[in-house]
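# Descriptive analysis of the structure
Chain residues, written in single-letter form:
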Amino acid sequence: MFRSLLQIKRFLSVGILTLLAFNTNAMEINYIVIADQARPFQIENNGKDHSGIVTEIVQSIFAGQDWQIKYHTLPFKRMVSMLESGRIKHWITYGSPEWKSVRVQSEYLSKYPLVTVNHSLLSYQQPGFKLTKIEDLYGKTLILMLGFLYPGLDPYIESKKINVMWVKGYEPAFRVLKRLKHDAFFVEMSLRLKYNLKKNNEPVDQYQLHDLGLIVPDYKLYLAFSSDLDPASVSFINQRLKAMHDTKAIDAIVAHYE
């Protein structure tokens, strides 16, 4: 009996030491989440309950015993400032080579993309409107999200041939659109427009989506890394990302938010 108890104590001691070794050796990745504005790519509630397309992909990549994800939820401008200053190390978020003015989201990217995105104009009670050329928007007001990038639109905005109104979120964007009606359009990724219309319980049958591909071409989103993330970790991420593409796991995640 005494011998059996001694063996049990030794077994428990080895188990505790193993757990301590695991906690010490676990690799930590800092995952950067944009507060409020990135749905459905990144969804959070006051910095908790993280979900969304990119978040689920990241969680799947690092699922296992050797990685711990540390979440950092930051407003867009503060996020850019903190990442550029190097105050957060070994981080991952999402980005695109098209976002050249935001270096931290366009410089070090994954080998494989996450999704292809396209942009649309959202109008309210304008079923007869057709966008055939950029001149159709001259004199109109485009509602844009503060801090976001719109490749292809910049020259027309800078020339002031198109009026711009910046908003901080989807609720104010929808309010402005309903108030201005025939004189305004909300520019956004189609996937995000559809998701946020439903999320905000908007009367979808009153809105119209107009393809903006002739001005803002489709482009791909990727995972974006910090420059100090070691090559072995980057290789691991790319391998897991490829496997998720091969098994259609990413398609399944995206479909959940469409």
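The structure this text deals with has already been given above.
The paragraphs below set out a description of the structure included in this document. (Residues numbered from 1 in each chain as written. Predicted model: local features only at pLDDT ≥ 70, side-chain atom pairs only at ≥ 80, totals over all residues. Heavy atoms only, no water.)

## Structural notes on unusual backbone geometry
Rules: Under the DSSP-based scheme used, a helix requires at least four consecutive residues in state H or I and a strand at least two consecutive residues in state E, with every element numbered from the N terminus. Three labels apply to residues, based on accessible area from a 1.4 Å probe with only protein chains included: buried if under 20% of the type maximum, exposed if over 50%, partly exposed otherwise in between.
Looking along the chain, the bond that leaves Arg39 and enters Pro40 is cis, with omega of 5°. You can see Pro40 is positioned in the loop between β1 (27-34) and β2 (43-45). Although it is not a glycine, His90 sits at a positive phi angle of roughly 50°. Mapping His90 onto the fold places it in the loop between α3 (76-85) and β5 (91-95). Here His90 falls in the partly exposed class, since its relative accessible area comes to 35%.

## Section: the packing of aromatic side chains
To describe a pair of aromatic rings, you give the distance between the ring centres and the angle between the ring planes. Selection rule: Aromatic pairing here means that ring centres of Phe, Tyr or Trp (its six-membered ring) are within 6.5 Å. Orientation follows from the plane angle: under 30 degrees is stacked, over 60 is edge-to-face, and everything else is tilted.
Inspection of the entire model under this criterion finds 16 aromatic pairs. Here the aromatic rings of Trp67 and Phe236 are separated by 5.5 Å at their centres, their planes lie at 15°, and the arrangement is stacked. In this pair, Trp67 is assigned in strand β4 (residues 67-74) and Phe236 in helix α7 (residues 231-246), connecting sequence segments 169 residues apart. Since its relative accessible area comes to 11%, Trp67 is described here as buried. The exposure class of Phe236 is partly exposed, given its relative accessible area of 22%.

## A few points about the sheet that holds β5
Filter applied, for reference: A pair of strands is treated as paired once DSSP finds two or more bridges between them. Fitting a line to C-alpha atoms yields each axis, with helices limited to the stretch in contact; the angle taken between N-to-C directions then spans 0 to 180 degrees.
An order of β4-β1-β5-β12-β6 is seen for the five strands of this open sheet, with the pairing classed as mixed. Strands with a single pairing partner mark the edges of an open sheet, and in this sheet they are β4 and β6 (115-117). Strand-to-strand, the axes of this sheet are offset by a mean angle of 30°, without reference to chain direction. Inspection of the sheet shows β6 paired to strand β12 (residues 219-225) by three bridges, in the antiparallel sense.

## Let's talk about the environment of Gly169
With respect to the element layout, Gly169 can be found in the loop between β9 (163-167) and α5 (170-180). For Gly169, a relative accessible area of 12% puts it in the buried group. Residues Gly169 and Leu146 lie 23 residues apart in sequence; the distance between their C-alpha atoms is 8.0 Å.

## Some details on the pairing of β12
In terms of residue burial, β12 counts as a mostly covered element, since six of its seven residues are buried. In terms of strand pairing, β5 meets β12 through four bridges, oriented antiparallel. Within β12, the residue paired with Gly95 across the bridge is Tyr222.

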